[in-house]
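Observations on the model geometry
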Amino acid sequence: NAGVMQNPRHLVRRRGQEARLRCSPMKGHSHVYWYRQLPEEGLKFMVYLQKENIIDESGMPKERFSAEFPKEGPSILRIQQVVRGDSAAYFCASSPTQIYEQYFGPGTRLTVT
Amino acid sequence: TQLLEQSPQFLSIQEGENLTVYCNSSSVFSSLQWYRQEPGEGPVLLVTVVTGGEVKKLKRLTFQFGDARKDSSLHITAAQPGDTGLYLCARTASKLTFGTGTRLQVTL
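First things first, this report covers the structure right here in the doc. Nothing here was measured: the structure is a model prediction, and the numbers come from that model. (Residues numbered from 1 in each chain as written. Chains lettered and ligands numbered in written order. Predicted model: local features only at pLDDT ≥ 70, side-chain atom pairs only at ≥ 80, totals over all residues. Heavy atoms only, no water.)

Some details on the sheet that holds strand E3 (residues 19-24) of chain A
Residue and element names in this part refer to chain A. Strand order in this open sheet of 4 strands is E1-E3-E8-E7, and the pairing throughout is antiparallel. Looking at which strands have only one partner, the edges of the open sheet turn out to be strand E1 (5-7) and strand E7 (65-68). Geometrically, the sheet is characterised by an average inter-axis angle of 15 degrees between neighbouring strands, direction not taken into account. With 5 bridges joining them, E3 and strand E8 (residues 75-79) adopt antiparallel strand pairing. Across the sheet, Cys 23 pairs through a bridge with Ser 75, a residue of E8. (Pairing = 2+ DSSP bridges. Helix = DSSP H or I, 4+ residues; strand = E, 2+ residues; numbered from the N terminus. Axes fitted to C-alpha atoms, helices over the stretch in contact; angles between N-to-C directions.)

Digging into the state of the cysteines
Residues and elements named next belong to chain B. Counted according to the given criterion, the structure contains 2 disulfides over all chains. Two residues share a disulfide in this structure: Cys 23 and Cys 89, whose sulfurs sit 2.0 Å from each other. Measuring the twist about the S-S bond at about 75 degrees, one finds the Cys 23-Cys 89 disulfide to be right-handed. In this pair, Cys 23 is assigned in strand E3 (residues 19-25) and Cys 89 in strand E9 (residues 85-91), connecting sequence segments 66 residues apart. Summarising the burial analysis for this pair, Cys 23 and Cys 89 share the class buried. (Disulfide = S-S within 2.5 Å. Buried < 20%, exposed > 50% of the residue type's maximum accessible area, 1.4 Å probe, protein only.)

Examining the sheet that holds strand E1 (residues 4-7) of chain B
All names here are of chain B. An order of E1-E3-E8-E7-E6 is seen for the 5 strands of this open sheet, with the pairing classed as antiparallel. Since the sheet does not close on itself, it has two edges, and those belong to E1 and strand E6 (55-58), each with one partner. Within this sheet the neighbouring strands show an average axis-to-axis angle of 15 degrees, counted without direction. One ladder, built from 5 bridges, connects strand E7 (residues 61-65) with strand E8 (residues 71-76); its direction is antiparallel. The residue bridging Gln 64 from the neighbouring strand is Ser 73, located in E8.

With respect to the packing of aromatic side chains
Enumeration according to the criterion identifies 8 aromatic pairs over all chains in this entry. Across from the ring centre of Phe29(B), 4.6 Å away, lies the NZ or CZ of Arg91(B), which sits over that ring. (Phe/Tyr/Trp six-rings, centres within 6.5 Å; stacked < 30°, edge-to-face > 60°. Lys NZ or Arg CZ within 6 Å of the ring centre and 35° of its normal.)

Laid out in structure tokens, this is it:
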């Protein structure tokens, strides 16, 4: 049973470009969570989605960031007009139900130059 | 914001030594999890504790949940280089709230 998959593993973008991060949850998991890990701030919750619905986006920056989890296909975290401060590791986790046992992917390391 | 403070922030020990790391909160946990994260990877769940005073063992790792469910500790016996990593506690809910982390380095 494959684990949570994220791609790309590493992504380099210039300031002002768009970044798209993809997450395929574990088979049978319909709940997806995105977290961001900044060097000085630790691992922070961003958004929680269930198929086609955003359940909790309290950790998402108000501008430039969006997330979706369509009926078919992976969950996408989209960052528009990236800035250097967006450089971080972005982790996706999935769970089969709205409980606390979340399984993490290997992360996407975004570098903004 | 419910802060989770972990201590120590960094710990460097030699193989074979014992160590304890701590996770503290000003508020009660409904339940708490411990994760280990290795460089370049995502966090991996080690244990979930739910009941005040609960003790769980995972090989050389012993996890304790405080009686008041406001704190937890992780004790490693006879540390090995493979224990090296970032240890995170997390308050469990629909979203996880992570602690500040303890970065452990075990050298030969």
